[in-house]
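What the coordinates show
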Amino acid sequence: MTASQMPLLSAQDLARTYSIRRGMAGRVTNVRAVDGVTLTIARGETLGLVGESGCGKSTTARLVLGIERPDEGQVRFDGAPMPGSGSPGWAALRKRMQLVFQDPLSALDRRLPVGLQIREPLEIHRMGTPAEQNARVAEVMEEVGLQPHHADRHPHALSGGQRQRAVIARALVTQPDLLVCDEPISALDVSIQAQVMNLLVELQERLGMGMLFVSHDLRAVRQISHRVAVMYLGRIVEEGAPDEILHAPAHPYSQALVSAIPHPGKTARRIVLQGDPPNPADRPPGCAFHPRCPVTAMRCRTETPLLKPRPSDGRRVACHVAQGEVAPGHVGQLELS
Amino acid sequence: MLHYLGTRLLRATVSVVMVVTFVFIVLRMSGDPAVVIMGADAPPEAVDAFRTAWGLDQPIWVQYLSFFKAIFSGDLGQSMRDGRDAVAVVLERVPSTLALTVPAFLLNVGIGIPAGVYAALHRNTAIDRFVMVMAVTGFAMPSFILAMLLVLVFSVNLGWLPSAGQDSWLNAILPIVTMGFGGAALLARFTRSAMLEVLGQSYIRTASAKGLSWSAVVWRHALQNAAIPTVTIIGFMLGGLVAGAVVVESVFSWPGVGRLLVVSVSNRDLAVVQAIVLMIALTMVAANFVVDILYGLLDPKMQSQTRPARA
Amino acid sequence: MADIPSSELGAGQTLAVRAQALLAQFGKLPVLMLIAVTWLGFMLAVAILADLITPYPYTQMDLHNRLSSPVFMGGDWAHPLGTDELGRDVLSRLIASIRMSLLIAFGATIIGAVIGVTLGFVAAHFRGFIEQIVLALVDFSAAIPFLVLALAVLAFFGNSIVLFVCLLGLHAWERYARIARGLAISGNAQGYSAAVHQLGASPLRLYGRHILPNIASTLIVSMTLAFPEIILLESGLSFLGLGVQPPNTSLGNMVGFGREYLSSAPWIMLAPAFVITITALCISLVGDGLRDKLDPTLT
């Protein structure tokens with residue numbers, strides 16, 4: 001594998017377990033938030049990571065950035081293993097990998113004008129003279145569509161969309177190779193979401209950085225991603241091109257997600273999931289999805305399916321049924337409403 | 001409750017260890033303890049004897065441990081001035097100090113709490129304003145200034161009361177008034193705000209809306225709830241009382257522990273200083289422990305925590 | 001001008017706006033606060049201009065004019081506040097004392113705040129064992145009367161101005177430590193702190209540039225509340241003869257020496273006693289006002 005073929009980011013079998021204690025003397029429960037996630041992002045490529053809240057996608061984002069250390073597995077950035085969080089090597093890497101947060105208001109320091117905050121990464125990493133830093137701040141603000149006079153504003157004096165633009169500007173000011181967006185639009189007004197999505201798409205195309213886009217919104221993921229991975233209870237259950245997943249989802253969970261997207265004109269044909277919502281503290285044996293799956297077979301209750309290419313069309317999916325290994329179980333439960 | 005008691009006891013113990021460690025470190029940092037305690041012009045044989053007696057030729061941690069042992073056996077060296085046991089020198093002054101601090105404390109509580117409650121119940125009246133002015137003055141006017149103003153008025157100008165010494169009970173009046181006023185002012189201010197806060201709570205409004213008479217509301221609900229924060233401030237006040245005794249005894253030449261401390265500091269009679277600091281510190285830790293327990297008894301939150309433990 | 005994205009320019013503008021707002025606020029202050037602020041400004045001016053306005057050097061003796069009365073007690077204008085037992089001008093000594101006392105109180109307040117905030121941040125940053133040590137120290141300081149600890153240290157180490165200021169600085173450090181720790185922990189739980197950490201910032205930048213400014217108003221209020229306490233503590237120790245030593249003079253030191261002449265020359269003691277009381281009163285008034293304005297949750 002030559003340098004140009006080497007992925008920008010590769011994560012192998014990441015696992016992260018949290019210990020939760022209930023009450024003072026309560027017993028400790030281990031929650032496996034991320035359970036064997038493998039992913040790669042090439043230079044200039046956007047990977048969309050989609051799933052319900054609590055499925056471990058935000059934890060995956062933090063592991064990928066090295067903010068948390070995985071209990072198992074390894075993250076490699078540009079071929080080198082990720083240094084420990086807070087170490088000098090890790091801190092130096094921050095200028096090459098950046099994060100866009102869900103809630104821009106809490107991600108910004110409300111005491112400082114946003115111009116200073118956008119400039120801060122340049123100061124931290126000692127990039128350029130003060131004059132060059134000023135010029136770079138002006139440049140990046142223009143790129144994200146902020147007016148020059150916004151630099152003097154405090155975060156609360158900006159609109160929600162402008163704040164998120166400021167957060168994006170701060171993330172981009174060091175010209176990172178990888179941008180991780182953790183639910184970047186879910187805290188914004190619906191009217192602004194589209195603007196910010198368009199901005200991100202445009203910036204990714206223009207600047208050519210790698211991107212990990214984490215969201216619960218399959219449509220947003222589809223709009224921005226080159227590749228989509230669907231997560232359920234700490235594992236990736238399906239991975240493929242956005243249009244393939246949206247038009248022909250292979251995993252029953254992906255099918256449910258896709259059917260949940262409202263389509264104008266399309267007669268409603270929603271798959272309603274059975275059973276309890278997923279609880280990472282109480283992970284079912286076998287395929288984690290089997291209690292809610294409309295096509296559960298016997299094997300699904302005991303044997304965890306692996307993520308591998310499907311023989312028929314090469315789609316990567318972790319499902320015994322989709323792989324054709326077993327016949328679909330009680331189809332009767334698939335409710336079409 | 002047991003758990004609560006346990007943590008408080010642990011904290012008190014840690015405080016005691018820290019006090020002793022503090023004194024040990026200060027003693028160590030100020031030079032050779034033998035010379036410091038015995039005085040620079042003590043004969044060398046005596047210094048050597050002291051070294052052996054206190055184990056100063058031993059490694060530092062052994063000395064640290066034997067320092068604890070010495071403290072708890074009450075052996076804190078001899079006063080430089082008359083060669084008597086430092087602890088005995090201090091103990092014989094304790095009754096004099098108590099003769100001032102106990103009445104002063106009663107005055108604090110007896111005036112401060114009723115004044116604060118009254119002011120809170122009659123908010124924005126002339127009496128409330130008066131109480132607040134006195135309370136603020138009591139904070140801003142240090143006790144030595146108040147003491148000297150009292151001396152100026154009652155001893156120098158009017159000639160009613162003696163200004164110094166311990167000849168009769170009349171001598172105690174000015175010191176007690178001085179110490180009583182400052183603490184009462186602090187307590188009045190604090191009780192007032194605690195009461196006002198409680199009176200603003202919805203359960204008080206509910207209680208009076210239910211048709212309970214106002215005095216019943218005040219007695220049954222407000223006072224009990226305002227007592228909780230007030231008890232905690234009393235712990236701080238004891239510290240203020242001790243510090244006040246140091247100053248006030250000096251002004252009135254009252255032969256108590258406080259004056260002994262100031263005189264010993266001036267004379268660098270370090271064995272006595274050490275004994276006094278340790279005694280005051282241990283007293284304070286004990287007092288705070290008692291206040292913590294009182295707090296636990298008063299606070300219903302603590303009591304509800306005890307129920308499952310007993311069951 | 002609008003198209004220059006200069007943040008310096010912006011900072012200047014906001015500063016001007018803030019100064020204007022401050023002036024506007026000043027006009028709205030209640031009378032009592034106005035008097036307090038004016039008195040404090042006056043004290044500050046006296047302390048700064050001490051050398052220019054003092055009628056005599058504060059140590060200059062005039063043995064022919066010992067214990068002469070102040071103007072309002074029948075004295076003459078040569079010594080408006082009278083003279084002391086060595087014929088030194090009380091007004092000049094008062095001016096020198098105000099400067100000394102304010103200097104000590106400023107120094108000690110700043111030392112206390114720096115120590116307290118640093119330890120509070122250390123506790124909040126490391127948590128765990130280190131935090132427990134800091135908290136135990138806080139408990140310890142809060143439990144023992146500071147005057148007694150100060151006396152012990154003075155007894156063992158002797159006296160110098162520097163040691164004295166540092167010692168007074170230890171007063172109230174535990175309050176800042178408690179506040180700084182609590183606020184830093186809640187600050188750390190907020191997004192901006194995680195965001196700045198994720199930018200690769202060092203803890204020094206995180207605490208100095210972001211958390212400190214975010215908690216500054218609370219800290220300033222508690223410094224204002226601790227300041228009069230330090231003035232009182234300084235004057236108390238100096239009064240006992242264990243603080244500022246002659247030939248230096250401070251307010252408490254003046255009261256202490258005036259005590260001997262309480263019956264024959266009460267003015268020696270009354271002038272500094274008045275200044276101590278009024279200054280402490282005014283600062284605590286201003287502190288209370290600031291607290292109500294900036295941080296009503298603080299007690």
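Residues numbered from 1 in each chain as written. Chains lettered and ligands numbered in written order. Predicted model: local features only at pLDDT ≥ 70, side-chain atom pairs only at ≥ 80, totals over all residues. Heavy atoms only, no water.

Quick notes on the overall build of chain C
Helix and strand counts for chain C stand at twelve helices and zero strands. Each helix and strand of chain C, ordered N terminal to C terminal, gives the series α-α-α-α-α-α-α-α-α-α-α-α. Out of the 299 residues belonging to chain C, those deemed buried represent 51%. If you sum the accessible surface of chain C, you get close to 13300 Å²; carbon and sulfur atoms cover 70% of it. (Helix = DSSP H or I, 4+ residues; strand = E, 2+ residues; numbered from the N terminus. Buried < 20%, exposed > 50% of the residue type's maximum accessible area, 1.4 Å probe, protein only. Areas by Shrake-Rupley, 256 points an atom, 1.4 Å probe, with all protein chains shown as cover.)

With respect to the packing of helix 1 (residues 2-29) of chain B against helix 6 (residues 146-157) of chain C
Where helix 1 of chain B meets helix 6 of chain C, the closest approach of the two axes is 9 Å, and the angle between their N-to-C directions is 25 degrees. When the axes of helix 1 of chain B and helix 6 of chain C are compared, the pair comes out roughly parallel. The element helix 1 of chain B and its partner helix 6 of chain C pack so that their crossing is right-handed. For the pair helix 1 of chain B and helix 6 of chain C, the contacting residues are Phe-22, Val-26, Leu-27 and Met-29 of chain B in the first and Leu-149, Val-153, Phe-156 and Phe-157 of chain C in the second. (Axes fitted to C-alpha atoms, helices over the stretch in contact; angles between N-to-C directions. Parallel < 35°, antiparallel > 145°, perpendicular 65-115°, else oblique. Left-handed = near helix turned anticlockwise from the far one by under 90°. Contact = heavy atoms within 4.5 Å.)

A word on the nonpolar core
One finds Ile-98 and Leu-168 of chain C to be the most contacted residues of the largest nonpolar core, which totals 122 residues. Counting 95 residues, the second largest nonpolar core, distinct from the first, contains Leu-9, Leu-146, Ala-229 and Leu-257 of chain A. (Core = buried A, V, L, I, M, F, W, Y, C linked by side-chain atoms within 4.5 Å.)

Re the domain arrangement of chain B
By domain assignment, chain B separates into domain 1 (19-85) and domain 2 (94-255). On a C-alpha basis, the centres of domain 1 of chain B and domain 2 of chain B stand 41 Å from each other. (Domains from an automatic or database assignment.)

Brief notes about the sheet that holds strand 9 (residues 227-232) of chain A
Residue and element names in this part refer to chain A. Sheet architecture is open: eight strands sit in the order 6-7-8-3-9-10-12-11, paired in mixed fashion. Two strands in the sheet have a free side with no partner beyond their single neighbour: strand 6 (97-100) and strand 11 (308-309). The pairing of strand 3 (residues 46-50) with strand 9 spans four bridges and is classified as parallel. The partner of Leu-47 across the bridge, within strand 9, is Arg-227. (Pairing = 2+ DSSP bridges.)

Here we look at the pairing of strand 9 of chain A
Residues and elements named next belong to chain A. The element strand 9 is extensively covered by neighbouring structure, given that six of its six residues are classed as buried. Of the two faces of strand 9, the one lined by Arg-227, Ala-229 and Met-231 and the one lined by Val-228, Val-230 and Tyr-232 are each fully buried. Examined bridge by bridge, strand 9 and strand 10 (residues 235-240) share five bridges and lie antiparallel to one another. Within strand 10, the residue paired with Val-228 across the bridge is Gly-240. Hairpin connection, strand 9 to strand 10: the antiparallel pair is bridged by two residues, and Leu-233 has positive phi, about 45 degrees.

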